[in-house]
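Structural features, examined
Letter by letter, the chains look like this.
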Protein chains: 2
Amino acid sequence: MKRNSFLLMMVVMATTAMLAISPAMAQTDPLPSWNDSAPKKAIVAFVEKVTREGSPDFVPVPERIATFDNDGTLWAEQPMYFQFLFALDRVKALAPTHPEWKDKEPFASLLKGDLKAALAGGEKAMLEIVMATHAGMTTDEFERIVKDWLATAKHPKTKRLYTEMVYQPMLELLVYLRANGFKTFIVSGGGIEFMRPWTEKVYGIPPEQVVGSSIKTKFELRDGKPALVRLPELNFIDDKAGKPVGINEHVGRRPIAAFGNSDGDQQMLEWTQAGPGARLMLLVHHDDAVREFAYGSESKIGTFSDALRTEATKNGWTVISMKNDWKRIFP
Amino acid sequence: MKRNSFLLMMVVMATTAMLAISPAMAQTDPLPSWNDSAPKKAIVAFVEKVTREGSPDFVPVPERIATFDNDGTLWAEQPMYFQFLFALDRVKALAPTHPEWKDKEPFASLLKGDLKAALAGGEKAMLEIVMATHAGMTTDEFERIVKDWLATAKHPKTKRLYTEMVYQPMLELLVYLRANGFKTFIVSGGGIEFMRPWTEKVYGIPPEQVVGSSIKTKFELRDGKPALVRLPELNFIDDKAGKPVGINEHVGRRPIAAFGNSDGDQQMLEWTQAGPGARLMLLVHHDDAVREFAYGSESKIGTFSDALRTEATKNGWTVISMKNDWKRIFP
């Protein structure tokens, strides 16, 4: 082969390779665990229009705020919020140093394994369990306790680590949004300090982008060393009408996209939608009893009421059917 | 000139130019408004060691958190916190719709121009003025009011816009830290919603990185539209022992560098220092009566007490003399 022919051939090969690669790269699916149904189309259309320079719907990068509920939206929440399962395990772990619990409800029933009797006391009983297990230590100590529990505790049904019970399609969505200049926040009814020790590793969401419920803390010197001590006193409930309040307090601007799964998320979606310009509101519906759990209006955990469905329809919110819209549930 | 000689000359010129430029670029001073005294040296030495890969003091980017007080640290605070001057202007602006203020303290004295009499009621009087001017409207409305005021109101002594009374050396420091992978936060006793409308433009600090004092807000429908209404009820005081609490709540990790100027910042610096690894704690001292203001232990605004100075010496905190360490004060 002559030298010039060789060079020509190289150019042709390179060009062909580029032609072969370019469309493939352009078509790389950022959401491979989503079926090509309405929710995925709504997400991609929204992201494309708010990121396209010159588009009437263009949103500058600093204003691309997306908020996600956690329980039931990013990770599972059945048979009970995982944080409450953590609290139950803590009651058992702490029982030897609390002999008085043997005769004191709700702890006595809990320690006998009778969850139903323990929770007969309703919200008051739940609050007692939470305070007994979440307060009294420093913030550093609590972080260590949460990390240790998550490293070993297994889900009662799937026998997987709780941090493995996150939704693969939502992990992809988080990455896709961030790749398009979005800042992703968690806005959860769950405890802010229960989530922060692991959200960065699991979701890529740093502690400063986690909003949640909290108890009060107090700065004091412990053995001459500054510490923040967790007090048995509620500070903020980040649920329902509390979610827009929490968003305003922590983020200080209105999201342009919000993702939830239950009645607790309605006001967050309303608040998001009420701003000017393009908006995306989305609800996950748990209708896959085979691969995950199926529950809705009748469930006490993650209630998706008929009123919420009516609201979603009226406002044009997208409802995701886990069964029909997700190819895969867990990683 | 022969073609080859010309090419050679071009290469030589280009190389010479690169040699001339490279050291100059490496030596470009990121803090030109700082004298080459101890504070600047401490800052640069700290940043270099926490960013040098392989250094025993290396800190990964996500953990490079720096917190800044605002009043007296990033912008001026004399003759009175600017937010309080805003409140006084608001009392005057709102007076026509509050005829009852003519006979009601502290408003009556204020409207007569007698600030001293108005403030005779102490903290209670100040709180009444703040609540009357900061609550009752939606968060969107309040943001607009703050922006309008800052666009036109002038400082009583310098006749400059308040947003021009920021410290040039600190603006350079914020940029320098961010260029080195730091996330910069404001942690101020001032109102969180008074700062957020302008901190991004003036300091490059977005609303979600502003921590401050706050009143409660409530989510409600106003004319069928979701709104957050500001209530005349304290939510959180982000001062003194409140600063580590506010940092923990909003940032969720401990800063490695903290900057303040008064007794209100002591606990933030203690909390910062109590973490492991390299730490930088720094206090601005206002000792320049000619170019700014000179005040310290005797001042009610921005008190820098003898106890704070003792603490700074004991803990090895760096104290900046505005007079000696800053070449320039305002931009």
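The structure presented is a predicted model; accordingly, all values stated were derived computationally and were not measured.

Now for the overall build of chain A. Helices and strands together make up the secondary structure of chain A, namely 13 helices and seven strands. Seen along its three principal axes, the alpha-carbon backbone of chain A occupies a region of about 95 × 50 × 40 Å. Looking at chain A as a whole, 53% of its 331 residues are labelled buried. Put simply, 65% of the contacts in chain A that link residues at least 6 apart link residues at least 24 apart. Just so you have it, chain A exposes about 15300 Å², and 58% of that area is on carbon and sulfur atoms. Between the mean site of the 41 positive side-chain charges and the mean site of the 41 negative ones, chain A shows a separation of 5 Å.

Turning chain A through 180° and shifting it by 0.0 Å along the axis lays it on chain B, with an RMSD of 0.0 Å. As the rotation angle and translation indicate, the two copies are arranged about a two-fold axis. Measuring from the rotation axis to each C-alpha of chain A, the shortest distance belongs to His250 of chain A, at 3.1 Å. A symmetric contact is evident, with 100% of the interface residues of chain A recurring at the interface of chain B.

Our next topic: the interface of chain A and chain B. Listed per partner, the contact involves 36 residues of chain A and 36 residues of chain B. Both sides together, the interface formed by chain A and chain B hides about 2900 Å², and carbon and sulfur atoms give 48% of it. The largest per-residue losses of area from chain A upon contact with chain B belong to Glu208, Phe219 and Glu249 of chain A, which jointly make up 22% of the total buried on that side. On the surface where chain A and chain B come into contact, there are eight salt bridges. Applying the counting criterion to the chain A and chain B interface returns 20 residue pairs in polar contact (both at pLDDT 80 or more). Within the residue set of the side of chain A that touches chain B, elements represented by two or more residues are α7 (139-152), β2 (183-191), α9 (192-203), β3 (210-222), β4 (225-236), α10 (242-250) and α11 (266-273) of chain A. Tallied by class, residues from the side of chain A that touches chain B come to 16 nonpolar, eight polar and 12 charged.

In this section: a nonpolar patch on the surface. All names here are of chain A. The grouping of Leu127, Leu234 and Ile237 at the surface amounts to a nonpolar patch, some 250 Å² of accessible area in total. When you line up the elements, Leu234 lands in strand β4. The class for Leu234 is partly exposed, based on a relative accessible area of 40%.

Reading the values: the criteria
Residues numbered from 1 in each chain as written. Chains lettered and ligands numbered in written order. Predicted model: local features only at pLDDT ≥ 70, side-chain atom pairs only at ≥ 80, totals over all residues. Heavy atoms only, no water. Helix = DSSP H or I, 4+ residues; strand = E, 2+ residues; numbered from the N terminus. Buried < 20%, exposed > 50% of the residue type's maximum accessible area, 1.4 Å probe, protein only. Contact = heavy atoms within 4.5 Å. Areas by Shrake-Rupley, 256 points an atom, 1.4 Å probe, with all protein chains shown as cover. Lys, Arg positive; Asp, Glu negative; His and termini not counted. Charge placed at Lys NZ, Arg CZ, Asp CG, Glu CD. Least-squares fit on C-alpha atoms with pLDDT ≥ 70 in both. Buried area = accessible area lost by both parts, 1.4 Å probe. Salt bridge = Lys/Arg side-chain N within 4 Å of Asp/Glu carboxyl O. Polar contact = N/O pair within 3.5 Å; in protein donor to acceptor, adjacent residues only side chain to side chain. Nonpolar A, V, L, I, M, F, W, Y, C, P; charged D, E, K, R; others polar. Patch = residues over 30% accessible without salt bridge, like charges linked within 9 Å, V, L, I, M, F, W, Y side chains within 5 Å.

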